[in-house]
Amino acid sequence: MKIIILGAGQVGGTLAENLSSEKNDITIIDTDTVRLRELADRIDCKTVYGHGSFPHVLRDAGADDADMLVAVTNSDETNMVACQVAYTLFRTPTKISRIRSSAYLKQTELFKADAFPIDVLISPEQVVTNYIRRLLEHPGALQVLDFADGKVQLVAVKAYYGGLLVGHAISALKDHLPDIDTRVAAIFRRNKAIEPTGDTVIEADDEVFFVAATEHIPKVMSELRRAEDSYKRIIIAGGGNIGYRLARALEKDYRIKLIEHSEERARYLSENLNKTVVLHGSATDKTLLEEENIENTDVFCALTNDDEVNIMSSLLAKRHGARKCMTLINKAAYADLVQGGMIDVAISPQQATIGSLLTHVRRGDVVNVHSLRRGAAEAIEAIAHGDRNSSKVVGREVSEIRLPPGTNIGAIVRGDEVIMARSDVVVESNDHVILFVMNKRHIADVERLFQVGLGFF
């Protein structure tokens, strides 16, 4: 596909990296020449200097025959106008825009063909808020991803010494949970992917990805790690867009304290949140953390705009007794460095957001894409169409489907029924198939599997 990305920031840069590795034709527009040069040196893409909402800049970037515009600058207004220009002057088929302000997002009638013709709205702050909320609902999880409208979840957990399955083969899971259907989709051991079979023995510190019907997730988690009490007391560091949204979403069900360093912003938060206790101060202030009983805190969420502040405040909170630390980290190198040590979960806003963008780039009827392990792997939900003659998956048993190396089918959702992908399960037309792709080089092969042949027409 020929894709124009407007904005070379963290989200735009990460998206360009993901898409250029899949042989797409990428052009990035930005007004930061240093950032453009840095991206051009690192990835295979064209760069254009200028304001992306200007018609001549879009034309220079190849808008005349582009398949997609992805506008992810820090300015909502620039993104909206760029989509309007792309539609009016260039008839760009797909227009995706990042919109951060809830003042715009609340007015859904703004985003229609006769107003701002935007096909897909992306709100990274809302995506990250939902991501953190799912983690809080499943104590001990490293990642929780929804598929098929929430009927199925893929969960990553770290196997701990003392877990019932540690030291046992995956096939023993059925003996422990005879009434629950689940499947281990992948295992990462010392940062290397292992394709699981029934004989694979789970070791302590393995990162285990398993898929199951949403209602069965807590029971399966208890097999892999010690059962954890649900969270009650949460401290949020940073009252920006994400911190504010998270506090608002959680304050009915949890006891929330929010630390904000700006006095003006702290006043705004205290006026607009109902049950949250808003504190004016620094999240790296040891005395403040001790006064707010950090040792009795279940989760410390560091969500400021500064990676270094997030990391240092999390280390401080953990050292002084916080049970769990979830830390927002923009720089991928930092995330790899800190997760699994004193910081329990490193959250990358780009990786959380990237899935919703990739969904619209994938060929075949792909309805969900989730980036895993900071972009190294992907979980994909694709809908099977056609019949045995026109499709490479429909009418075939799972064992017959020629999957690319390092790819496996975790589950199939048929209507309201969740079916684990055993080797003898036959895929039917309109099934939602959930796949785990451990090597992103094979994404195109997976897409081709779900494209209907001419026989279908």
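Being a predicted model, the structure only gives us computed values, none of them experimental.

Turning our eyes to something else, we now look at the sheet that holds strand β22 (residues 432-437). A sheet is described by the order of its strands in space; here 5 strands give the open sequence β18-β19-β22-β20-β21, paired in antiparallel fashion. The open sheet has two free edges, formed respectively by β18 (366-372) and β21 (417-420), since each of these has just one partner strand. Taken pair by pair, the neighbouring strands of this sheet meet at an average axis angle of 20°, ignoring direction. Examined bridge by bridge, strand β20 (residues 407-414) and β22 share 6 bridges and lie antiparallel to one another. From the neighbouring strand, I412 faces β22, where its bridge partner is V433.

It is worth spelling out the sheet that holds strand β2 (residues 25-30) at this point. Strand order in the open sheet formed by 6 strands is β3-β2-β1-β4-β5-β6, and the pairing between neighbours is parallel. Each having just a single partner strand, β3 (46-49) and β6 (120-122) make up the two edges of the open sheet. Ignoring strand direction, the axes of neighbouring strands in this sheet form an average angle of 15°. Alignment of strand β1 (residues 2-6) against strand β4 (residues 68-71), held across 4 bridges, turns out to be parallel. Bridged to I3 within β4 is M68. In this fold helix α4 (residues 76-90) packs onto β1, β4 and β5 (94-98), with an angle of close to 170° to the strand it touches most, β5.

With that settled, the discussion passes to the nonpolar core. Residues L154 and F436 are the most contacted members of the largest nonpolar core, which totals 69 residues. Setting aside residues no more than four positions away along its own chain, F436 makes contact with L154, A185, A186, F188, F209, L372, A377, E378, G406, T407 and N408. Within the second largest apolar cluster, 45 residues are counted, among which are I354, L357, I380 and I443.

Right, let's talk about the pattern of salt bridges for a bit. Within this structure, the stated rule accounts for 21 salt bridges. A salt bridge links D431 to R414; the nearest nitrogen and oxygen atoms lie 2.8 Å apart. A residue pair is termed long-range when its members are at least 10 positions apart, and D431 in the loop between β21 and β22 and R414 in strand β20 qualify at 17 residues. The class for R414 is partly exposed, based on a relative accessible area of 23%. Here R448 and D445 are joined by a salt bridge, their closest N and O atoms 2.5 Å apart. On the criterion of helical spacing, the pair formed by R448 and D445 is a turn pair, its members being 3 residues apart in helix α15 (residues 443-449).

The rules we used
- Residues numbered from 1 in each chain as written.
- Predicted model: local features only at pLDDT ≥ 70, side-chain atom pairs only at ≥ 80, totals over all residues.
- Heavy atoms only, no water.
- Pairing = 2+ DSSP bridges.
- Helix = DSSP H or I, 4+ residues; strand = E, 2+ residues; numbered from the N terminus.
- Axes fitted to C-alpha atoms, helices over the stretch in contact; angles between N-to-C directions.
- Contact = heavy atoms within 4.5 Å.
- Core = buried A, V, L, I, M, F, W, Y, C linked by side-chain atoms within 4.5 Å.
- Buried < 20%, exposed > 50% of the residue type's maximum accessible area, 1.4 Å probe, protein only.
- Salt bridge = Lys/Arg side-chain N within 4 Å of Asp/Glu carboxyl O.

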